[in-house]
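For reference, the chains in residue letters:
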Amino acid sequence: MAAPVGLTYNGYLNLEMGAQKISMKIMPKKKCPACGATDTIKILYDEPTYESCEAAERGEIALGGCLISEVSPKRYCKACGEDFG
Ligand SMILES: [Zn+2]
C-alpha cells in the first residue's frame, strides 16, 4: 500500500501544507521490559469518559482508574499483561 502523498514514515511524520512543512517526531512504541513485545498501550488514569472507554474497547489504551500514585505504571503490555513505565 502506498503512503499518502506528503507523508513519510521514517521516524518522523512529514506534512507538507503548501509552502509550510511540518515535521513531527513519532514516538517509537515502547518495548515491554518483560517480554520485549512492542504491542504496548498507554494506561489512562482518569475518570473514564465515553471516549476513553471506546478507545479502551478498541485496545488503544488501558484504563487505570482515577487513582494515580507515584509508582503507577504508565504502559500496559498486551502480549503478556505486564504493567511498566
Ligand atoms: Zn510483555
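Everything numeric here is computed off the predicted structure, so don't read it as measured data.

Visitor: An account of the coordination of the zinc ion is needed here, citing residue identities and associated values.
Guide: Six octahedral donors around a metal ideally subtend angles of 90 or 180 degrees, whereas four tetrahedral donors ideally subtend 109.5 degrees. Protein coordination at the zinc ion: the donors are Cys 32 (SG), Cys 35 (SG), Cys 77 (SG) and Cys 80 (SG), at 2.3 Å from the metal. Around the zinc ion sit four donor atoms, and with donor-metal-donor angles ranging over 103 to 114° the site reads as tetrahedral. Binding-site remark: the zinc ion is held by donors from one chain whose sequence spacing is C-x2-C-x41-C-x2-C. Of this pair, Cys 32 sits in the loop between strand E2 (20-25) and strand E3 (40-45) while Cys 77 sits in strand E5 (residues 75-77); the two residues are 45 residues apart in sequence, bridging distant segments of the chain. Across the pair, Cys 77 and Cys 32 agree in class, each one buried.

Visitor: Break down the sheet that holds strand E6 (residues 83-84) for me, with residues and values.
Guide: One open sheet holds the four strands; their spatial order is E4-E3-E5-E6, and the pairing between them is mixed. Only two strands of the sheet have a single neighbouring strand rather than two, namely strand E4 (61-65) and E6. Summarising the sheet, E3 and E4 pair through four bridges and their orientation is parallel. When the sheet's bridge partners are listed, Leu 44 is paired in E4 with Leu 63. Lying over the sheet, helix H1 (residues 50-57) contacts E3 and E4, oriented at roughly 125° with respect to E4.

So, how was this worked out
Residues numbered from 1 in each chain as written. Predicted model: local features only at pLDDT ≥ 70, side-chain atom pairs only at ≥ 80, totals over all residues. Heavy atoms only, no water. Donors = N, O, S within 2.8 Å, 3.2 Å for Na, K, Ca; no water. Tetrahedral: all angles 85-135°; square planar, octahedral: opposite > 155°, others 65-115°. Helix = DSSP H or I, 4+ residues; strand = E, 2+ residues; numbered from the N terminus. Buried < 20%, exposed > 50% of the residue type's maximum accessible area, 1.4 Å probe, protein only. Pairing = 2+ DSSP bridges. Contact = heavy atoms within 4.5 Å. Axes fitted to C-alpha atoms, helices over the stretch in contact; angles between N-to-C directions.

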